[in-house]
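So the chains spell out like this:
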Amino acid sequence: MAVYAMTGGATGIGAAVKTRLREEGHEVIVVDIHDADVIADLSTPEGRALAVAGIRERAPGGLDGFVPCAGLGPYVEPLSRICQVNYFAAVATTEGVKDLLAQRRGCVVMISSNSASMPGYDPQFIELLLAGDEAAACALIDTLDGQTAYGGSKLGLTRWMRRNSTAWAQAGVRLNAVAPGITRTALTDGVYQDPRFGQIMKEFGDSVPTGSIARPEQIASAVCYLLRPEADFFCGAVLFVDGGHDAMLRPDQF
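The shown structure was predicted, so the numbers you read here are calculated from the model rather than taken from an experiment.

### Here we look at the sheet that holds strand 5 (residues 107-111)
So, point 1. Read from one edge to the other, the open sheet built from seven strands follows the order 3-2-1-4-5-6-7, with strand pairing classed as parallel. At either margin of the open sheet sits one strand with a lone partner, and together these are strand 3 (38-39) and strand 7 (238-241).
So, point 2. Note that strand 4 (residues 65-68) and strand 5 share two bridges and pair parallel. Each bridged residue has a counterpart across the sheet, and for F66 the counterpart in strand 5 is V108.
So, point 3. Strands in contact with helix 1 (residues 12-23) are strand 1 (3-7), strand 2 (27-32) and strand 6 (174-180); relative to strand 2, the strand with the most contacts, it is inclined by about 160 degrees.
So, point 4. Against the sheet, helix 7 (residues 146-170) engages strand 5, strand 6 and strand 7, with an angle of about 155 degrees to strand 6.

Below, the structure is given as structure tokens:
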């Protein structure tokens, strides 16, 4: 039996990951704002510290894997809360359990997005994320737009993963990411209902090459594969699970 920890396991993709791992007989420590082993608000530094402390208390012998899955969609306001949860919380909790992962030569699977590869995000916002300047990043994003907050935070997180994958691998911890396409979750339902994003999201979903948007279980299957021992040569990889959308939009980039 392996020991895993994750954030955002109460609903959506996270719930599907949790269910699959537990059905396989593994222990899964879940952090969320409700229905979790550790209740914490990851939009704050205090909540992130609480999350890490709760995981450490429950996994004194180390972790085989960690999935920072908690995330917010582009319709959430204030926009700064999106980058607080999607980027800063994901990085802080991952760094907070690094030594637990190293104990068991574990791995991390970040949740990116196929929107991370789309062009046009404010470069200063991305630079502030990667510099770890939460106050400045939050102040800037509150003057921009929800898609930049969401897609930009996922771009920043993916770059953080890629930039750190070599050093972390040398410390015994592999970093990878899954980049889902549009997936039927509570987050997506919120986007559909938003007058600013709903029609655009519907049209985006209708254009998926395979003909439908994803189920959370389809994304969870990729996440769980990357956590398994047989995936031990994946390192610094971004696995697109999006029904062919990224290939459609960027056929010559890979």
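### Concerning the nonpolar core
So, point 1. Counting residues in each nonpolar core, the largest one holds 49 residues, and the members touching the most others are I29, I55, L63, F125, L129 and W160.
So, point 2. Ranked by residue count, the leading element in this core is helix 3 (residues 79-96), at nine residues.
So, point 3. Among all residues touching W160, those that are not within four sequence positions of it are Y87, V91, T94, E95, M110, L130, W168 and L175.
So, point 4. Within the second largest apolar cluster, 24 residues are counted, among which are A2, V67, A214 and L226.

### Re the side chain of S43
So, point 1. Mapped onto the fold, S43 is located in the loop between strand 3 and helix 2 (45-58).
So, point 2. Reaching out from S43, the side chain makes a polar contact with the side chain of D41 at a distance of 2.7 Å.
So, point 3. Every residue in contact with S43, bar those within four places of it in the chain, is listed here: R48, R81, Q84, V85 and E134.

### With respect to the environment of K18
So, point 1. Tracing the backbone shows K18 in helix 1.
So, point 2. Sequence-wise, K18 and M6 are 12 residues apart; in three dimensions their C-alpha atoms are separated by 8.1 Å.
So, point 3. The contacts of K18, once residues within four sequence positions are left out, are M6, G9, A10, V28 and V30.

### So, unusual backbone geometry
So, point 1. For the peptide bond that leads from E77 to P78, omega is 0 degrees, which places it in the cis range.
So, point 2. With respect to the helices and strands, the residue P78 is situated in the loop between strand 4 and helix 3.
So, point 3. Not every positive phi belongs to a glycine, and D35 is a case in point at roughly 50 degrees.
So, point 4. With respect to the element layout, D35 can be found in the loop between strand 2 and strand 3.
So, point 5. We classify D35 as exposed; its relative accessible area is 63%.
So, point 6. Although it is not a glycine, R105 adopts a positive phi angle of roughly 50 degrees.
So, point 7. Positionally, R105 belongs in the loop between helix 4 (98-103) and strand 5.

The rules behind each value
Residues numbered from 1 in each chain as written. Predicted model: local features only at pLDDT ≥ 70, side-chain atom pairs only at ≥ 80, totals over all residues. Heavy atoms only, no water. Pairing = 2+ DSSP bridges. Helix = DSSP H or I, 4+ residues; strand = E, 2+ residues; numbered from the N terminus. Contact = heavy atoms within 4.5 Å. Axes fitted to C-alpha atoms, helices over the stretch in contact; angles between N-to-C directions. Core = buried A, V, L, I, M, F, W, Y, C linked by side-chain atoms within 4.5 Å. Buried < 20%, exposed > 50% of the residue type's maximum accessible area, 1.4 Å probe, protein only. Polar contact = N/O pair within 3.5 Å; in protein donor to acceptor, adjacent residues only side chain to side chain.

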